[in-house]
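Understanding the architecture of this molecule
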8 protein chains.
Amino acid sequence: LRQRQAEAVYGPGKTPDQCRRIVAELLAEPAGPPVVLTRARADQVEAALAANPGGQVTASGELATVVWRPAPPRPGRVLVVTAGTADLPVADECLAVLSGLGFAPRRLVDCGVAGLHRLLADLDEVLEADCCVVVAGMEGALASVVGGLTPAPVVAVPTSVGYGSSFAGLTALLAMLSSCAAGVSVVGIDNGFGAACAVGRLLR
Amino acid sequence: LRQRQAEAVYGPGKTPDQCRRIVAELLAEPAGPPVVLTRARADQVEAALAANPGGQVTASGELATVVWRPAPPRPGRVLVVTAGTADLPVADECLAVLSGLGFAPRRLVDCGVAGLHRLLADLDEVLEADCCVVVAGMEGALASVVGGLTPAPVVAVPTSVGYGSSFAGLTALLAMLSSCAAGVSVVGIDNGFGAACAVGRLLR
Amino acid sequence: LRQRQAEAVYGPGKTPDQCRRIVAELLAEPAGPPVVLTRARADQVEAALAANPGGQVTASGELATVVWRPAPPRPGRVLVVTAGTADLPVADECLAVLSGLGFAPRRLVDCGVAGLHRLLADLDEVLEADCCVVVAGMEGALASVVGGLTPAPVVAVPTSVGYGSSFAGLTALLAMLSSCAAGVSVVGIDNGFGAACAVGRLLR
Amino acid sequence: LRQRQAEAVYGPGKTPDQCRRIVAELLAEPAGPPVVLTRARADQVEAALAANPGGQVTASGELATVVWRPAPPRPGRVLVVTAGTADLPVADECLAVLSGLGFAPRRLVDCGVAGLHRLLADLDEVLEADCCVVVAGMEGALASVVGGLTPAPVVAVPTSVGYGSSFAGLTALLAMLSSCAAGVSVVGIDNGFGAACAVGRLLR
Amino acid sequence: LRQRQAEAVYGPGKTPDQCRRIVAELLAEPAGPPVVLTRARADQVEAALAANPGGQVTASGELATVVWRPAPPRPGRVLVVTAGTADLPVADECLAVLSGLGFAPRRLVDCGVAGLHRLLADLDEVLEADCCVVVAGMEGALASVVGGLTPAPVVAVPTSVGYGSSFAGLTALLAMLSSCAAGVSVVGIDNGFGAACAVGRLLR
Amino acid sequence: LRQRQAEAVYGPGKTPDQCRRIVAELLAEPAGPPVVLTRARADQVEAALAANPGGQVTASGELATVVWRPAPPRPGRVLVVTAGTADLPVADECLAVLSGLGFAPRRLVDCGVAGLHRLLADLDEVLEADCCVVVAGMEGALASVVGGLTPAPVVAVPTSVGYGSSFAGLTALLAMLSSCAAGVSVVGIDNGFGAACAVGRLLR
Amino acid sequence: LRQRQAEAVYGPGKTPDQCRRIVAELLAEPAGPPVVLTRARADQVEAALAANPGGQVTASGELATVVWRPAPPRPGRVLVVTAGTADLPVADECLAVLSGLGFAPRRLVDCGVAGLHRLLADLDEVLEADCCVVVAGMEGALASVVGGLTPAPVVAVPTSVGYGSSFAGLTALLAMLSSCAAGVSVVGIDNGFGAACAVGRLLR
Amino acid sequence: LRQRQAEAVYGPGKTPDQCRRIVAELLAEPAGPPVVLTRARADQVEAALAANPGGQVTASGELATVVWRPAPPRPGRVLVVTAGTADLPVADECLAVLSGLGFAPRRLVDCGVAGLHRLLADLDEVLEADCCVVVAGMEGALASVVGGLTPAPVVAVPTSVGYGSSFAGLTALLAMLSSCAAGVSVVGIDNGFGAACAVGRLLR
Ligand SMILES: Nc1ncnc2c1ncn2[C@@H]1O[C@H](COP(=O)(O)O)[C@@H](O)[C@H]1O
Ligand SMILES: Nc1ncnc2c1ncn2[C@@H]1O[C@H](COP(=O)(O)O)[C@@H](O)[C@H]1O
Ligand SMILES: Nc1ncnc2c1ncn2[C@@H]1O[C@H](COP(=O)(O)O)[C@@H](O)[C@H]1O
Ligand SMILES: Nc1ncnc2c1ncn2[C@@H]1O[C@H](COP(=O)(O)O)[C@@H](O)[C@H]1O
Ligand SMILES: [Mg+2]
Ligand SMILES: [Mg+2]
Ligand SMILES: [Mg+2]
Ligand SMILES: [Mg+2]
Ligand SMILES: [Mg+2]
Ligand SMILES: [Mg+2]
Ligand SMILES: [Mg+2]
Ligand SMILES: [Mg+2]
């Protein structure tokens, strides 16, 4: 009655020892799915890797994502598009999990809609992708623009990046849910992990 | 630089005459995509059909969805699961648009999580689907349960149905975005049309 | 200690008789500024015009804007850009007040960011304008795109149009305030009148 | 004109010395109810215990719950069900206070609704309980599922655990209040103490 | 895998015919629980009663509650306390459902905390009850006062009654959840039905 | 065109040197009103007192209030009533400013409405006061109870104290604004200073 | 244990017959305080007056306030200041209740802060008042300006009037609570009745 | 397809090294616009200046703004008006960017509306300006007052300064958007940079 693409351990609020132990338990399950430690501090990464060698570490801003037992390579061109520098940690978490799921994702950075030329210059990348993940904070408009350009699935990830009136991602979240590009779907704020899992579901 | 799966005319706020005219313009475009009139009142439906015969009408609560020039049949088993009776109008809009996009969607009704036996009785339907749309109001928990049962894509549609503390769909929206089932993605409140388009993107 | 570009009477909540009387008082002031009745129902318009002939009526959705004693023509190319059909009433209010202030505004409709080609096709109109007013609901992304294209002032007006998660204009409002295009400024939801006055201030 | 099941001292914002003194005052009242120090830091626990020996300490995440003068054993099978690891500190506070009130509560952990099999495997535990406390964050769906399984009272405790769109417990709170399982009642976010007291009231 | 104390049909949004049919289906189930139609308009009540005679009608403000096949009498003194006249429809819904569940509830009206004397005059009623339901709008303070007076379970129902800053029940809801009387538990806004079911669970 | 009862310097966000300098400037104005430094850290207090001797320091939780050049004694019995220990810092700020304005305020502590007996035991104090300030967090119900007992002015101060669902004072704020005791008026969250000034205005 | 300045019957949600009966009951109490029916529709007023002659009716927008058994004249110069035409119904309710309490209030209209000259022209009225009630919607800035001009008590009433971003009075409410004029106190949105009662308390 | 008045690097969340490198890249673009590093900590400023000498540093509260390659002087009298001391850091950021854009802005401080005399004393400054930026927190009323005094453009910047009910700038933001002075436009909370860019657009 249960199956999942990846077993995830969410770092915040856990001791290094708990991280170590839970990862070990999940890896003990034979032939299980990839195991992912997300949003982990340096001491959590260290403890988890010491006891469970072989994890692949990806820096994700000040935190890191670690993947053990990655899935075998699978087809599907996934493109992760970001609006600004500040969206990179969330994109990196998403990219690390996508790799863990067996994809070879590509990324396109700094495509904020106030500078459309950048996105239009790489239009072919967008049109060739089987699925686009759009990571954007502030007003989150990038999801609508990408959704209007491609007929492929678009998974939008609002980020908590921003100031002014971005209210820790709420503005981008609401904007993405209200996108005038029909068929864009949305995951929670900063949820790069969730977006990767959504891609994993739809590119089975 | 633009392509869409369907041309949609959103009924609310338009005169019958506007509905009639916009539908006609969209149908005039040769070899265009399906044309859909959504959330239309009886007088809007009548005006639009009189001038543009051949539309397929689906009642969706007190309103209706009309589809002209449906897409040719396409593969992909789509299942629309609803929590309660009150979610049916949104599910019906979604089903009508899915049909217009060429799918032959199935539906499973009255699966609210307070009565899990109903969902579990139809578990095979859930497991066989290539994609599930979950339509639920109140606490929207059904999306998490379905997301935990199937590895396929799950598109969650919060509905504005409910009382008590459902705040016109906000509670279900937030709950679905916070789903503990990884990879569930969400569209706006009552947006059955958007969910159908999301399915159209991912089952290309 | 006071001066204003126009004397405005806000229709909602006033009796036809009050509308008539207040307009008359304002017109009695010799050499005063234009007098504008906004968001007026048919009976309010009728009463106000009967007693105060010569007002210029502009339909603005189901309501109307009436202008008496318009300002003499003044220079300044003002462009009002709208995202969807449903934004037109707000744009019309703005256009009517701009005309009353002496401008000869132009408009560009149906430029929602999910279909960028439309806006890009009229890029020269955008680049030639001395000031752009952007009227958009839903995710309000159009303000960011226009703000990225032109170095001229951009006044953004969120509209209450929309469904799903647009929360009666709140989503568009927050998105416009969080625009990644620096220097876009914003007025209240559906406030076409306020946007026109902002233009009147900055194109003195 | 007053009676309470337990005298509680809420740790946050108090100096170790205040904790020590208030606990002493409450214990000085002869034949009073149990005295509970909640959410106490190590230095608060130490000070309170030094002056008031005999308190029973339960770690509750980084904080602790201390009970003095526990009530005599009383009947009533209370089950505390949690959704995820991160809900444990709140559950632990609840369990400690339940013990202080004289109950011998049992617990069932890691029953998040995305993995229903775990809960169903322990269905008999749920069905045998005289009262269930459900502690869950994220989308809080567990309360609805448990409420649908048992006819016994269900007290739901939303936790502030989560990311994405859980908004520090608000999402779980609203979801639990909107539960489609009739008769579930709810206490404040992270309020394990309050849930225990609610149980104390209803299993008198 | 399912059992419930009562089968409820929520009136709003249903046609009279739907009400009639759903009630009939539920009554067809032999030896089922009480069937309750809640928040029903006159035409819904009429249709449902015509086809399903024998229902007990309780006016609940402009709407009504109808109970068929009430449960046999059961012990348990339940007291429903209201703050103001405007809270009566919610209290009446609660009382009707309590009766349907087999209780013989009593009520105490007009006990708003700005006039404590009224509540204190009936203190014995409060102290004798096995369970209190508190129905209050505005600032919802009555739940705290009652919770401080009795050691019995207190189920608080916020009502949408009020003006000023009661925000359709939100203020009372938050206040009741924040009650300084430990162990008060809360159901959704205006949810008299849910409160009755909570009582049914705890006085089994 | 200006007059105020007291010149206040709000500590947070100012350097010790700024505190020192601004206090000095205000004291330099001959025959000016009392000067008050509020919510000041130890280093701010020290700097301000070193350069401006004679200030009266009142600890207010971890911060302090300092008053220079207090007003001469004035009549008016002011009572400050608090709900719980955690409300004391706000009450202390209020008391210090009241003293600076020339009053000799009294206080009544620990009067939370879940223990009415405490308030009722001191009913005479309440009834003799010319004005009551009620300082309460959580559900803020104390303002309604006091407002129902006395015909005198009641100024309610919500505090940010609390957990569960008190949302940093928002719950108490809304509850106090919705008080069923007519004529209670409210100041901002934790605004003990503002409450004292309101008293100063009404007991002129 | 209870006393109030006036017995109020809040019209909305009551039948004409209920209004009639409750007013009669309150008037039956010998030597009671004034009885006030607020926000009453024409049919409620008619029914109440038919059975209880002698009530003084004040139109308050589309509704009315009726006062029976007014208090004897009492001293105290009360000034009610309004920002715009749309604030008048709330001001009228306040003025009617103030009259019922025995005051002879004056009013100053159309003093919105965008036209300060109007307020400054009547500065003497403001400075002579023993108490000012400020009734304003939109941004509610008038309360701050009046509070800076007079040392007397200022009771601020936010109104639900407005568009753009006034959110049915919430903006004005928050602005008034955040007033930079110390000692302004606030009642609920549109609560002209409450403001009058606050004045009644402070000008005893 | 892109042009901007200034290239901005937003400090928060960037390492000193990233600041250094991004500034260098932007300066490498020949004949580019001014480069601005905003909200930079001391270590970020130091790193950026060491590698990119010649930047002009302006302290802005605890952070700083650095400008390289300022634009040549341009005409236009810009006045920045602030309400209180706490608004100065935001005003300073705005002033620094305005200077970088080639303006010679003036400032007027401490003009909170509770002390109108200060603003009125400098009325000529306000009336001579070609554009006013109003920086205010709390209730943000200053924007309405300034907007009523001058016919020139007014750009309002809400600040997150405040306590009580200012909700980190939300109150000021909403108040400014709801200003009764027509034509005031607004940027995001604390967005001094955005306000300067808006001025740069409108004084081209
Ligand atoms: N029922 C619906 N739910 C959500 N979005 C819709 C619906 N119908 C149409 N739309 C969207 O609304 C747009 C049409 O709006 P309009 O131009 O006002 O008719 C389309 O581009 C669709 O993306
Ligand atoms: N952990 C807790 N969670 C919720 N409420 C608590 C908790 N601990 C104590 N309380 C409540 O807080 C009050 C004690 O507050 P205080 O007087 O500040 O210690 C008690 O009356 C309890 O109702
Ligand atoms: N216009 C009004 N605005 C605010 N509160 C009111 C108003 N009229 C009556 N009230 C309050 O509502 C209560 C009456 O409610 P009710 O018993 O439903 O008539 C009184 O105790 C007053 O405190
Ligand atoms: N102080 C500031 N306030 C608001 N927006 C800023 C500020 N500084 C930079 N920005 C904006 O943030 C963007 C730079 O973000 P980043 O690429 O992360 O450095 C620029 O395009 C500006 O529009
Ligand atoms: Mg962005
Ligand atoms: Mg549901
Ligand atoms: Mg739009
Ligand atoms: Mg959970
Ligand atoms: Mg109440
Ligand atoms: Mg309290
Ligand atoms: Mg106003
Ligand atoms: Mg200010």
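Model, not experiment: these values are computed from the prediction. (Residues numbered from 1 in each chain as written. Chains lettered and ligands numbered in written order. Predicted model: local features only at pLDDT ≥ 70, side-chain atom pairs only at ≥ 80, totals over all residues. Heavy atoms only, no water.)

So, about the interface of chain B and chain A. Tallying the contact residues gives 30 residues for chain B and 30 residues for chain A. The junction of chain B with chain A conceals about 2600 Å² of combined surface from both sides, 53% of it contributed by carbon and sulfur atoms. Scanning the region where chain B abuts chain A turns up 0 salt bridges. Applying the counting criterion to the chain B and chain A interface returns 10 residue pairs in polar contact (both at pLDDT 80 or more). Broken down by secondary-structure element, the contributors of at least two residues to the side of chain B that touches chain A are α6 (142–149), α7 (170–177), β9 (185–186) and α8 (192–202) of chain B. (Contact = heavy atoms within 4.5 Å. Buried area = accessible area lost by both parts, 1.4 Å probe. Salt bridge = Lys/Arg side-chain N within 4 Å of Asp/Glu carboxyl O. Polar contact = N/O pair within 3.5 Å; in protein donor to acceptor, adjacent residues only side chain to side chain. Helix = DSSP H or I, 4+ residues; strand = E, 2+ residues; numbered from the N terminus.)

Note on the copies: chain G fits chain C at an RMSD of 0.0 Å, the axial shift is 0.1 Å, and the rotation between them is 90°. The relationship between the two copies is best expressed as a four-fold rotation axis. When C-alpha positions in chain G are compared against the rotation axis, the closest is assigned to F167(G), at 8.1 Å. (Least-squares fit on C-alpha atoms with pLDDT ≥ 70 in both.)

The next subject is the interface of chain G and chain C. You'll often see interface size given as the accessible area lost when the parts meet. With 9 residues of chain G in contact, the opposing surface of chain C contributes 11 residues. A combined buried area of about 870 Å² lies between chain G and chain C, and 66% of that area is made up of carbon and sulfur atoms. Interface area lost by chain G to chain C is led by H117(G), Y163(G) and G164(G), which between them contribute 51%. Taken together, the links from chain G to chain C amount to 0 salt bridges. Seen at the junction of chain G and chain C, the total is 1 residue pair in polar contact (both at pLDDT 80 or more). Class assignment of the residues belonging to the side of chain G that touches chain C gives a composition of 4 nonpolar, 5 polar and no charged. (Nonpolar A, V, L, I, M, F, W, Y, C, P; charged D, E, K, R; others polar.)

Residue and element names in this part refer to chain B. Of all 5 residues in strand β8 (residues 154–158), 5 are buried, a share of seventy percent or more. Alternating residues of β8 divide into V154, A156 and P158 and V155 and V157, and every residue in both groups is buried. Where strand β7 (residues 131–136) lies against β8, 5 bridges are found, and the strand directions are parallel. Each residue of the ladder has a partner; that of V135, found in β8, is V157. In this fold, β7 hands off to α6, which returns the chain to β8; that crossover is right-handed. Alignment of β8 against β9, held across 2 bridges, turns out to be parallel. Bridge pairing in β9 links V155 to S185. For the segment spanning β8, α7 and β9, crossover handedness is right-handed. (Buried < 20%, exposed > 50% of the residue type's maximum accessible area, 1.4 Å probe, protein only. Pairing = 2+ DSSP bridges. Right-handed = clockwise from strand over helix to strand, strands pointing away.)

Residue and element names in this part refer to chain H. Pairing is mixed across the open sheet formed by 4 strands, whose spatial order is β1-β2-β4-β3. Two strands close off the open sheet at either side, each with one partner strand: β1 (7–10) and β3 (56–60). Across this sheet, the average inter-strand angle for adjacent strands is 15°, counted without regard to direction. Sheet strands in contact with helix α2 (residues 42–51) are β2 (35–40), β3 and β4 (63–68), and its direction is about 155° off that of β2. (Axes fitted to C-alpha atoms, helices over the stretch in contact; angles between N-to-C directions.)

This paragraph deals with unusual backbone geometry. Even without being a glycine, F167(C) presents a positive backbone phi close to 45°. Here F167(C) is to be found in the loop between β8 (154–158) and α7 (170–177).

Right, let's talk about the packing of aromatic side chains for a bit. Under the counting rule described, the total for this entry stands at 8 aromatic pairs over all chains. With a centroid separation of 4.3 Å and an interplanar angle of 35°, the aromatic rings of Y10(D) and Y163(F) are classed as tilted. Highlighted residues: Y10(D) in strand β1 (residues 7–10) and Y163(F) in the loop between β8 (154–158) and α7 (170–177), drawn from two different chains. Using a relative accessible area of 23% as the deciding quantity, one classes Y10(D) as partly exposed. Directly above the aromatic system of Y163(E) lies the positively charged group of R39(G), at a separation of 5.7 Å from the ring centroid. (Phe/Tyr/Trp six-rings, centres within 6.5 Å; stacked < 30°, edge-to-face > 60°. Lys NZ or Arg CZ within 6 Å of the ring centre and 35° of its normal.)

All names here are of chain A. An order of β1-β2-β4-β3 is seen for the 4 strands of this open sheet, with the pairing classed as mixed. The open sheet has two edge strands with one neighbour each: β1 (7–10) and β3 (56–60). On average, each strand axis in the sheet is inclined to that of its neighbour by 15°, with strand direction left out of account. In this structure, β1 lies alongside strand β2 (residues 35–40), joined through 4 bridges in parallel fashion. Within the sheet, the bridge partner assigned to Y10 lies in β2 and is T38. The strands touched by helix α2 (residues 42–51) are β2, β3 and β4 (63–68); relative to β2, the strand with the most contacts, the crossing angle is about 155°.

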